[in-house]
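Survey of secondary and tertiary structure
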There are 2 protein chains.
Amino acid sequence: MARRLKGASSADTRSAILDLIRSSGQVSRIELSEKSGLTEATISKIVRTLIVDGFVIETGYAESTGGKRPVLLELNVASRYALGVSLDYARISLVLCDISGKMLHSHAVAGTRVSKPQSVIDRVAREISRFLVKHKVDRSDVIGIGVSGAGRLDASGGALRSSKQAGEWEEFAIEAALGEATNMPVILENDANCAALGEFWSGRVSTAHDFATIYMATGIGCGIVINGDVYRGASSNAGEIGHLSLDIDGPECFCGSRGCVEVMATPAAVVRNARDDHALWKRLGLREREGEDIRASFATIAAAAMTGDHDAESLVRQSAKYVATAVLGLTNIFDLDRVYLAGPGFAIASPIYLDMVRDVLGRLAFMRKVHSVAVEMGETGPGAAARGAASVVLHSRLTPHHVRG
Amino acid sequence: MARRLKGASSADTRSAILDLIRSSGQVSRIELSEKSGLTEATISKIVRTLIVDGFVIETGYAESTGGKRPVLLELNVASRYALGVSLDYARISLVLCDISGKMLHSHAVAGTRVSKPQSVIDRVAREISRFLVKHKVDRSDVIGIGVSGAGRLDASGGALRSSKQAGEWEEFAIEAALGEATNMPVILENDANCAALGEFWSGRVSTAHDFATIYMATGIGCGIVINGDVYRGASSNAGEIGHLSLDIDGPECFCGSRGCVEVMATPAAVVRNARDDHALWKRLGLREREGEDIRASFATIAAAAMTGDHDAESLVRQSAKYVATAVLGLTNIFDLDRVYLAGPGFAIASPIYLDMVRDVLGRLAFMRKVHSVAVEMGETGPGAAARGAASVVLHSRLTPHHVRG
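Residues numbered from 1 in each chain as written. Chains lettered and ligands numbered in written order. Predicted model: local features only at pLDDT ≥ 70, side-chain atom pairs only at ≥ 80, totals over all residues. Heavy atoms only, no water.

**Looking at the overall build of chain A**
Where we set the bar: Numbering goes from the N terminus for both helices and strands, where a helix is a DSSP run of H or I of at least four residues and a strand is a run of E of at least two. Under the scheme applied here, a residue whose accessible area is under 20% of the maximum for its type counts as buried, over 50% as exposed, and between as partly exposed, the area being computed with a 1.4 Å probe on protein chains only. The criterion used for residue contact is that any of the two residues' heavy atoms lie within 4.5 Å. Note on areas: Shrake-Rupley, 1.4 Å probe, and residue coverage restricted to the protein chains presented here.
When helices and strands are counted, chain A shows 13 helices and 15 strands. Counting all 405 residues of chain A, 58% fall into the buried class. Partitioning the contacts of chain A with sequence separation of at least 6, the portion at a separation of at least 24 is 60%. When the accessible surface of chain A is totalled, it reaches about 16,200 Å², and 50% of it is carbon and sulfur.

Here it is, written out as structure tokens:
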């Protein structure tokens, strides 16, 4: 079947107008008509439904340009909310955002650890109820829950089909289970795509600008935004930068290939390498333990690297060199001119990673004679993934999408 | 400035309807309305202009579904033409296509060699005139000339900014010069994107299907089709798969990086490696010469590999391993489920490359548990780039595009 024509659906047009209002701050109907190419009559009709539904309010008057002063419209930010949840081994974060993407409240609870998926989902549903009651938010004003998870998604059922640690989550349909437990629409998205959409909704990137967000937690991935939407690929798993091979005859990765960024350079790989250096391991007070928290161990190593421990620094610099070379490959393939580094893996040693990526792209990007590549830090705080997940809901419900046939 | 809304421009809508008619074969106005989501009145109005302009004809009647039998429409393939030109060191190809993308005639003339760009362009313009006269094609029925070139494009002026061999072409505005010499619209596109659009217009891929075409001539690149159009990136240079590093500490590439596919695995690299094996070099009758034709030398090595020369085979298999690993990286990043191998570099040893890419993707693609990746041969004949270039014109003039603000 052929794809539907772009913009043919009225829901798409409504979302597009709402997105224009959001990204404009304040805007008149005439300006909306100019920016969208739609007639003023069509704009007026759509704006009327947006006002009735509470998404948009009239806030004042613009300067007159001859005739009547045009009425200014803006997003009614307090009219609805989006929830974001990040499911993480060590902790689960909840955030509440208004529909401009601004974070209003956040809350962290114990991580998934080794609990059964259904019991985790039931606990998250109870936490969400408490969280909403505490902040006096009516459930019917929540437009949806975004869930951020690490690993491959199953396009059909919203399951996380991951690799090493997924275990029982592999076949578990998170969207359906949390949807049933909360009676709200749920969207599952991988952490890198959440981070990319979070960047997008932070207002730092124009909707017309393509970019990639490299997301590093214990592993690494990336979210690629093209034409104002995340590029998903055949099964919603695009962006697997962690399985670029940088050493074709290097050590085997769990994916079966060799010399992947995953096995050479991620926080998990750095912690593994540090374990082989007994003196360093002991000096930093790192311990083998059941369910070791790789993020915490990596944070310790990164902190040591930033405060002059030469061995720790050389491990982190080695990681940064691999990450930078992977970003170089990504940049060459997508001809990118903007890249963000986000996620907790970049939090502590961000100057080392940022300098290395900037240096490598500045010296080696194939297009360096034609254009430069801006590299900036994105969000690296513990709530970044959950906030990104809330953005996924906003993006899904409030911006135009291209439905594929 | 915000992007225009998708589908807002009437030229876009007209192109979209024409594209639907093309891809449908025969179709009624009612079916067009159903497929596009536009009203029958809008469809009728657009179809009328397409018939007046000669792009579409009425060809008969469909079965009645109750009332009057609906009139069937189809593309008026003989109404207009597109020209394709590939500028190559060893030879220049010209092709003439009808507007369905079918190749009607082709012609090859001497290559660019070391001639001045302007004199090459003047010669191409004269060849185009003779070619059109010979085939009794009225110049005013040619909708444009597509030019395929190897190397980086300068998004601003249509110059080829390449690397090693570009020389005087580096600052030369091909589009403007050939446009002036022929008085026709000219579009310059890199060879990999031409090949991808050629695949698209061959009718083998549905317009709704994302895919990548790996294009190998003396170097390697790829054209990536997303949502029915080539993905171009910030400066129209996306797809530089040749500068993925597969050996982070490997030999230096002319791009400045190390271990790139370009320096490890392209036909140019294979010929370089063969030169180091004096016995092989002599056995195959390869000679050092002024302006050596790398494609011809590689063809000799590839033919030897296919006919049992063990040393030649191991060089080509090594190349195939690197190419396959680069395609694996591309597949993981884009989450592709369809890849074509095209271009003269794949012509002779296609079984070796095809088997290797299929084997590597089958064993190692990160998404292999979720979906398979189909790998097929695309066009590898000498006119493939020129035919692809003609498709670029058809694609540009006859399908809807997304104008970025």
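**Quick notes on the pattern of salt bridges**
All names here are of chain A. The condition is simple: A pairing counts as a salt bridge when a side-chain nitrogen of Lys or Arg comes within 4 Å of a carboxyl oxygen of Asp or Glu.
All told, the structure shown has 25 salt bridges over all chains when counted by the stated rule. Where Asp-53 meets Arg-14, a salt bridge forms, and the shortest distance between an N and an O atom there is 3.0 Å. Placement of the pair is Asp-53 in the loop between helix 3 (40-52) and strand 2 (56-61) and Arg-14 in helix 1 (residues 10-24), with a sequence separation of 39 residues. Across the pair Asp-309 and Arg-283 runs a salt bridge, and its minimum N-O distance is 2.8 Å. On the criterion of sequence distance, the pair formed by Asp-309 in the loop between helix 10 (294-306) and helix 11 (310-334) and Arg-283 in helix 9 (residues 278-283) is long-range, its members being 26 residues apart. What makes Asp-309 buried here is its relative accessible area of 13%. Bridged by salt links that share partners, the residues Arg-283, Asp-309 and Asp-311 form one connected network.

**Quick look at the sheet that holds strand 13 (residues 229-230) of chain B**
Backbone-to-backbone hydrogen bonds pair the strands of a sheet. The strands run either parallel or antiparallel. Residue and element names in this part refer to chain B. Using the following cut-off: Paired strands are those between which DSSP finds at least two bridges. Only the contacting stretch of a helix is used when fitting its axis, a line to C-alpha atoms as for every element, and angles between N-to-C directions run 0 to 180 degrees.
Strand order in the open sheet made by the five strands is 13-12-11-14-15, with mixed pairing throughout. Of all the strands in the sheet, the pair left with one neighbour each is strand 13 and strand 15 (374-377). Where strand 12 (residues 220-226) and strand 13 come together, two bridges link them in antiparallel fashion. Bridging across to strand 13, Val-225 finds its partner in Val-230. Strands strand 11 (211-216), strand 12 and strand 14 (338-342) of the sheet are contacted by helix 11 (residues 310-334), whose axis makes an angle of about 25° with strand 12.

**Thoughts on the pairing of strand 15 (residues 374-377) of chain A**
All names here are of chain A. What counts is decided by this rule: When the strands point away from the viewer, a crossover counts as right-handed if the path from the first strand over the helix to the second runs clockwise.
By the bridge criterion, four bridges tie strand 14 (residues 338-342) to strand 15 in an arrangement that is parallel. From the neighbouring strand, Leu-341 faces strand 15, where its bridge partner is Met-377. What joins strand 14 to strand 15 is helix 12 (residues 350-364), and the crossover it makes is right-handed.

**Digging into the confidence of the model for chain A**
All names here are of chain A. Put simply, the rule is: On a range of 0 to 100, pLDDT expresses the predictor's confidence in each residue.
Summarising the model, chain A shows a mean pLDDT of 87, and 89% of its residues fall at 70 or more. Residue range residues 1-8 is modelled with pLDDT below 50. Its contacts to residues more than four positions away, or to other chains, number 23 contacts. Across the interface, the model reports ipTM at 0.84; the global pTM reads 0.86.

**Side note on the environment of Lys282(A)**
Looking at where Lys282(A) falls in the secondary structure, it is placed in helix 9. Expressed as a C-alpha distance, the spacing of Lys282(A) and Val271(A), which sit 11 residues apart in the sequence, is 13 Å.

**Regarding the domain arrangement of chain A**
Residue and element names in this part refer to chain A. To be explicit about the condition: Here the limits of each domain have been adopted from an automatic or database domain assignment. A 1.4 Å probe defines the accessible area here, and the buried area is the portion of it lost by two parts on being joined, summed over both. Any N or O atom pair separated by 3.5 Å or less is treated as a polar contact, with the protein-specific requirement of one donor-capable and one acceptor-capable atom, and with residues adjacent in sequence counted only for side-chain atom pairs.
When its domains are assigned, chain A resolves into domain 1 (10-75), domain 2 (81-197 + 385-398) and domain 3 (202-380). Spacing between the C-alpha centres of domain 2 and domain 3 amounts to 24 Å. The partner domain 3 presents 23 residues to the 21 residues of domain 2 that form the contact. For the pairing of domain 2 and domain 3, the buried interface totals around 1,700 Å² over both sides, and the portion due to carbon and sulfur atoms is 51%. For the pair domain 2 and domain 3, the interface holds three salt bridges. A salt bridge links Glu-379 to Arg-387; the shortest N-O distance between them is 3.0 Å. Seen at the junction of domain 2 and domain 3, the total is five residue pairs in polar contact (both at pLDDT 80 or more).

**Topic: the packing of helix 4 (residues 117-134) of chain B against helix 5 (residues 174-182) of chain B**
Residue and element names in this part refer to chain B. We count it as follows: Angular relationships are summarised with four words: roughly parallel below 35 degrees, roughly antiparallel beyond 145, roughly perpendicular across 65 to 115, and oblique for the angles in between. Rotating anticlockwise by less than a right angle from the far helix to the near helix defines a left-handed crossing, while the corresponding clockwise rotation defines a right-handed one. Each residue gets one label: Ala, Val, Leu, Ile, Met, Phe, Trp, Tyr, Cys and Pro are nonpolar, Asp, Glu, Lys and Arg are charged, and the others, such as Gly, are polar.
One way to put it is that helix 4 packs onto helix 5 with a least axis distance of 9 Å and a crossing angle of 40°. Taken together, helix 4 and helix 5 sit at an angle that is classed as oblique. You can see that helix 4 and helix 5 cross each other, and the crossing is right-handed. Note on element contacts: helix 5 touches helix 4 through Ile-174, Ala-177, Leu-178, Ala-181 and Thr-182, opposite Gln-118, Ile-121, Asp-122, Val-124, Ala-125 and Ile-128. Here the contact of helix 4 with helix 5 is built from residues that sort into eight nonpolar, two polar and one charged.

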